[in-house]
Every structure is written in C-alpha cells, then in structure tokens.
Amino acid sequence: MTAPIVRSLSELRGMTQDWVRAGERIGVVPTMGALHDGHLSLVAAAEKICTRVIVTIFVNPRQFNNSEDLANYPRTEHEDARKLERFAVDAIYVPDGDQMYPGGFATTVSVSGLTEVMDGVYRPGHFEGVATVVAKLFAQSSASDAFFGEKDYQQLQVVRRMARDLDIPITVHGCPTIREIDGLAMSSRNLLLSDRARVNAPLLFEQMEEIAEGVVAGGDFAALRTAAVKRLEAANFTKIDYLEMRAADDLALLNASMRPTRLFAAAWLAGVRLIDNIAVGG
Ligand code: PAF
C-alpha cells in the first residue's frame, strides 16, 4: 500500500480529525528519514496495536549542534516511502522547516536532569531540539501511541519524561535496538561510514558486551572499561565521548550493577559518531 505523503499540518489535521472522531487508535513513528530496519520495526510495532499509523520524516535542524552534521545527514525520501509500502501506514508526514517552525516561533521544551549527562553534555542543545519537535509532533498527530527505538535510550527517557510532565495523553513505547548481523546497531549514520570503518564499527558492541558480561560475572567495571577502551583505540576509534554504566530509569551513574542497569557508549570512528547501549544483566 502506498501511503499518501502529507506536507502540511492542515492536511494532516483533516485526516486525524476524522480518525479521532471515529475513535481510532493513532500511532506515530517520529523519524528523520533514511529509514532502516530499526525504523521499520517501530512501524511494525505501531501497526500491531494501532488502527492508524503516521510515520513522520523531518530532519530537525534544532537538534543538531553542528551545521556540517546537519548538512551531511542522509535524506532519502523517495526510498523511505518505498520501504514503507509493505506496511499499513496511513500517512507519511513530511513537513518542511516553515511548517514546523514558522516565523516568530519562540518556544523551547527543556527537560532537566536526564539531559544533563551523556549526549546532553556532548551535544549541547540537542535534547531541547528533540523535546521541542517531539512535543509538536505529538500535538500535530493527535496520536495515542508513539514508538521510539531503545537505540537512542537517553532520548527515549527524555521523551517519556516530557510527555508525563506536560500531561500529553500518549503512551510512549520503547522498542528493542535492531542490529546488523555483525552486531552493529542500525543507525542512519552508518551510511556515512567508509567501507574500512564499517569493518571495525561492530567492535563497539562487542566490547560493550564484554564489559557487561564481565560486570555480571563480578568483574571490576573500571578495569573492564580500561581494557575495552584500549581495544577500541587499537581499532582506530579516535575518541570515546563516554562509556559508562547508568541506572536504566533515571540514568544515575553507577560503578556496579545494583539496579536495572545499562551500559552506554558514544565513540568516534573515522569522523562518524556511533552511539549504542545495552542492558547489563537481566
Ligand atoms: O530519533 C530521531 O530520529 C529523532 O531524534 C526524532 C525522535 C525523530 C526527533 O527529531
């Protein structure tokens, strides 16, 4: 089924008003396009429990703290629409910058606490951009359910907090990270990896698994971390922004796995910043 591409909010509202009136369950899958199997797993999850599904594609300038990164972000609308054909998608919402941020736009949604660590430190302003655009997409889509990947786990927790704090009547579903056969977490940014860098990229996940297994077996996190960093550096990872264990709910820093814990990493390989996270134990 080819879903209609909707470029204006008024057109989207025209559709969703009827659906809301008919008591339909509307699911929204917010994306920045360059769709891969990770995104498609979110669409499949939405399709399962919702009667209407909206996929949004908007490369949100407000969440990029680096103009080169924004310019290089892959844009593949035609292929994206084709990949969605096998799903029961009712609308692909592709607003332009003026639709999303008309002249005079002056509001920023800011979530404290959760955004003050990891990517909040390394990408200043990123989560304000995410929270603002996601709040708008929730309002614009009239969705009852929203689907996000655990690949961006910090983002997922920020979005959950934002929806709860602003009393937005939406259920935020976190869906498991989808990986390539060699373990690399699927990401639109993987398209930017050179062939050579792509060969080394799965080492990040491998080393994270080694740390997590070591911690569960009673090993010392700091020592396991040091060994992993050495191996990553030997494989041309140039900079590790962070490689740390945190509580799964409030993202508090941990040295041992005492409560539901995740291991988070952000690392640079040949000019591409890879992020990943996995559960430690359970
Ligand atoms: O995860 C993403 O692709 C983006 O951060 C999101 C949630 C679509 C907001 O622009």
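Residues numbered from 1 in each chain as written. Predicted model: local features only at pLDDT ≥ 70, side-chain atom pairs only at ≥ 80, totals over all residues. Heavy atoms only, no water.

## Notes on the environment of Leu137
Operational definition: Segments assigned H or I by DSSP are reported as helices when at least four residues long, segments assigned E as strands when at least two residues long, and all are numbered from the N terminus. Partly exposed residues are those whose accessible area sits between 20% and 50% of the maximum for their type, while under 20% is buried and over 50% is exposed, using a 1.4 Å probe and protein chains only. Contacts were defined at the residue level, with two residues in contact if any of their heavy atoms lie within 4.5 Å.
You can see Leu137 is positioned in helix α7 (residues 126–141). Accessibility expressed as a relative area gives 6% for Leu137, which makes it buried. Between the alpha carbons of Leu137 and Tyr93 there is a distance of 9.7 Å; along the sequence they are 44 residues apart. Contact partners of Leu137, with chain neighbours within four places excluded, come to Pro30, Thr56, Tyr93 and Met100.

## Section: the site of the ligand
Filter applied, for reference: Summary of the distance rule: residues count as near a molecule or strand when at least one heavy atom falls within 4 Å of that molecule or strand. For this analysis, a polar contact is any N or O atom pair within 3.5 Å, provided that within protein one partner can donate a hydrogen and the other can accept it, and provided that sequence-adjacent residues contribute only side-chain to side-chain pairs. Here the nonpolar group is Ala, Val, Leu, Ile, Met, Phe, Trp, Tyr, Cys and Pro; Asp, Glu, Lys and Arg are the charged ones; every other residue, Gly included, is treated as polar.
Neighbouring residues of the ligand: Pro30, Thr31, Met32, Asn60, Gln63, Val130, Val133, Phe148, Asp152 and Gln155. Between the ligand and Gln63 there is a distance of 2.6 Å, counted from an oxygen atom to a side-chain nitrogen or oxygen. Side-chain polar atom of Gln155 to an oxygen atom of the ligand: 2.6 Å apart, as the coordinates give it. Where the shell around the ligand is concerned, the elements lending two or more residues are β2 (26–31) and α7. Its residues placed into classes, the shell around the ligand shows five nonpolar, four polar and one charged.

## Digging into the packing of α7 against helix α8 (residues 153–165)
As a reminder, the rule being used: Angles shown run from 0 to 180 degrees and are taken between the N-to-C directions of axes, each axis being a line fitted to C-alpha atoms and, for helices, limited to the stretch in contact. Orientation is classified from the angle alone, with under 35 degrees giving roughly parallel, over 145 giving roughly antiparallel, 65 to 115 giving roughly perpendicular, and any other angle giving oblique. Rotating anticlockwise by less than a right angle from the far helix to the near helix defines a left-handed crossing, while the corresponding clockwise rotation defines a right-handed one.
Closest axis-to-axis distance for the α7/α8 pair is 10 Å, and the angle between their directions is 55°. Relative to α8, α7 is oriented oblique. Our pair here, α7 against α8, has a crossing hand that is right-handed. Across the interface between the two elements, Phe127, Val130, Ala131, Val134, Ala135 and Phe138 from α7 touch Gln154, Gln155, Val158, Val159, Met162 and Ala163 from α8. Of the residues that constitute the contact of α7 with α8, the class distribution is ten nonpolar, two polar and no charged.

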